[in-house]
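Residues per chain are reported as follows:
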Amino acid sequence: MSVARQVVVEADGGSRGNPGPAGYGAVVIDPATGEPLAEAAEYIGVATNNVAEYRGLIAGLSAAKALFPDAGDALRVHVRMDSKLVVEQMSGRWKIKHPDMKPLAARAAAILPPSSVTYEWIPRAQNKHADRLANEAMDAGRDGRTWEASASTAALDTPSARTASAPPPIQGPPGDQAAGAARARAALAAARGAAAPEGLFPMPGAQEPEPPAEAAPVTGAAAPAAEPSAEPSAAPDPEPSAARVVPAPDSSAAPVVPAPEPSATPQTGWGSAPDLGAPAMLVLLRHGETALTPQKRFSGSGGTDPELSATGRDQAERAAEHFAALGTVQEIVSSPLRRCRETAATVAARLGLDVHVDEGLRETDFGAWEGLTFGEVRERHGDDLTAWLASPDAAPTGGGESFAEVAERVAAARDRIVARYAGRTVLLVTHVTPIKTLVRLALGAPPEALFRMELSAASISAVAYYGDGNASVRLLNDTSHLR
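Enquirer: Tell me about the overall build of the protein, residues and numbers included.
Expert: What the protein contains, in helices and strands, is 12 helices and 14 strands. Of the contacts made within the protein by residues no fewer than 6 positions apart, 74% connect residues no fewer than 24 positions apart. Approximately 20,000 Å² of the protein is accessible, and the part contributed by carbon and sulfur atoms is 52%.

Enquirer: Got a sec to walk through the pattern of salt bridges? Specific residues and values, please.
Expert: The final tally for this structure, using the stated rule, is 22 salt bridges. For the salt bridge of Glu-10 with Arg-80, the shortest nitrogen-to-oxygen distance reads 3.0 Å. Of the two residues, Glu-10 sits in strand E1 (residues 5-15) while Arg-80 sits in strand E4 (residues 75-81), which places them 70 residues apart along the sequence. Side by side, Glu-10 and Arg-80 carry an identical accessibility label, which is buried.

Enquirer: Run through the sheet that holds strand E12 (residues 425-430), naming residues and quoting values.
Expert: Strand order across the open sheet formed by 6 strands is E11-E10-E12-E9-E13-E14, with mixed pairing between neighbours. Of all the strands in the sheet, the pair left with one neighbour each is strand E11 (355-357) and strand E14 (471-478). Each adjacent strand pair in this sheet contributes to an overall mean axis angle of 20°, direction not counted. Sheet contacts for helix H8 (residues 338-351): strand E9 (280-286), strand E10 (331-334), E11 and E12; angle to E10, the most-contacted strand, approximately 170°.

Here is what the cut-offs are and how they apply
Residues numbered from 1 in each chain as written. Predicted model: local features only at pLDDT ≥ 70, side-chain atom pairs only at ≥ 80, totals over all residues. Heavy atoms only, no water. Helix = DSSP H or I, 4+ residues; strand = E, 2+ residues; numbered from the N terminus. Contact = heavy atoms within 4.5 Å. Areas by Shrake-Rupley, 256 points an atom, 1.4 Å probe, with all protein chains shown as cover. Salt bridge = Lys/Arg side-chain N within 4 Å of Asp/Glu carboxyl O. Buried < 20%, exposed > 50% of the residue type's maximum accessible area, 1.4 Å probe, protein only. Pairing = 2+ DSSP bridges. Axes fitted to C-alpha atoms, helices over the stretch in contact; angles between N-to-C directions.

Purely geometric stuff here, so don't read any function into it on its own.
What follows is the structure, encoded as structure tokens:
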């Protein structure tokens, strides 16, 4: 009977251009000590981030299998990656639609029995070793070299990060994703008590108390099922080679070698803390420009419902590229107005997701002010404009909506979406007033705060909603993806 073996694989991949010169890195780690057991890295030519990340996963799984060739079904591998896309696809929750991803996912799934592999998303800051390996591989490719383990420095400062004498404090509001993961480890550490020295990485299936159900790692599926599809990419390359110590069949490329030994003692515990689970993350994307946007004309739900301009379509494409690179969006919900539906459709096509429409996300009905500039409204409807600026209960001329009415329907839409997509990342494609309203409500700010926020076309904001009813504004008016 084979002796049970447990290892952690951390993998990453990157592309300088997406697509562009790409490489991957992977490290196999002893979960009890944090000691790196093997490393793999390779420059793979021109490819996308997603292809490189999958290649890193394949290399890591191959290296783990090669280290323990006789373990068979007794080998347990816990994969940790900062690619939400790869983790969700390999866990079976996201469908794989992109043709370049399907063969890579199939290769990864075939290396070990599905029941032997679990997956966990981690923040990029916790995946530094694999990230450094990937960058070393890309640097080597840029210089016309082959990555060599003997020249790698990826592991030099990683052990100290894994084995610091005191872990960093658990930070962030209740339900924060990063803090929640730390609290899950805290609960596991508290359950273990002082029975034995504790490993750095909790391994699913170990003979010890399990973490809370909401924090448990996801078991790999027999066949990955679902995805927002990744961006266009170069054709997948062959599988990487496995460890030098035990050559893998059908391999010819990246070397995998025993990694340097760490020089410090691993961290042995975490303090306990409550965990409310992952929040519902609403990513708020304002639609791209229309012909009215640069003219700063009132354009609500009672006007002409304009389409995106050429600039607006370009902004939507840039937003789609941004979200594809992140790989975090799981659902898309849009305002019913045309400019939002066109923006949402562009992103959805890139991610392979459907677009759901919620009427509550539409823009304010500006009544008789539709299509007018602020100056024109002041000239024609000065008293009504003054009242509107002074009170959230005042409506625009001609039967438009007050900000109080808009806030009521936007809050109702928010509650529906948060309840439906608890713990998930949802892209809301909507307008200036709904986004500002969501931010204002999350901050507990007064209605006049609406006039004190700038919100550019195709900008991104984000609000997290926790299980205890609290909210946290994470981002406001980010336009870095448009530059």
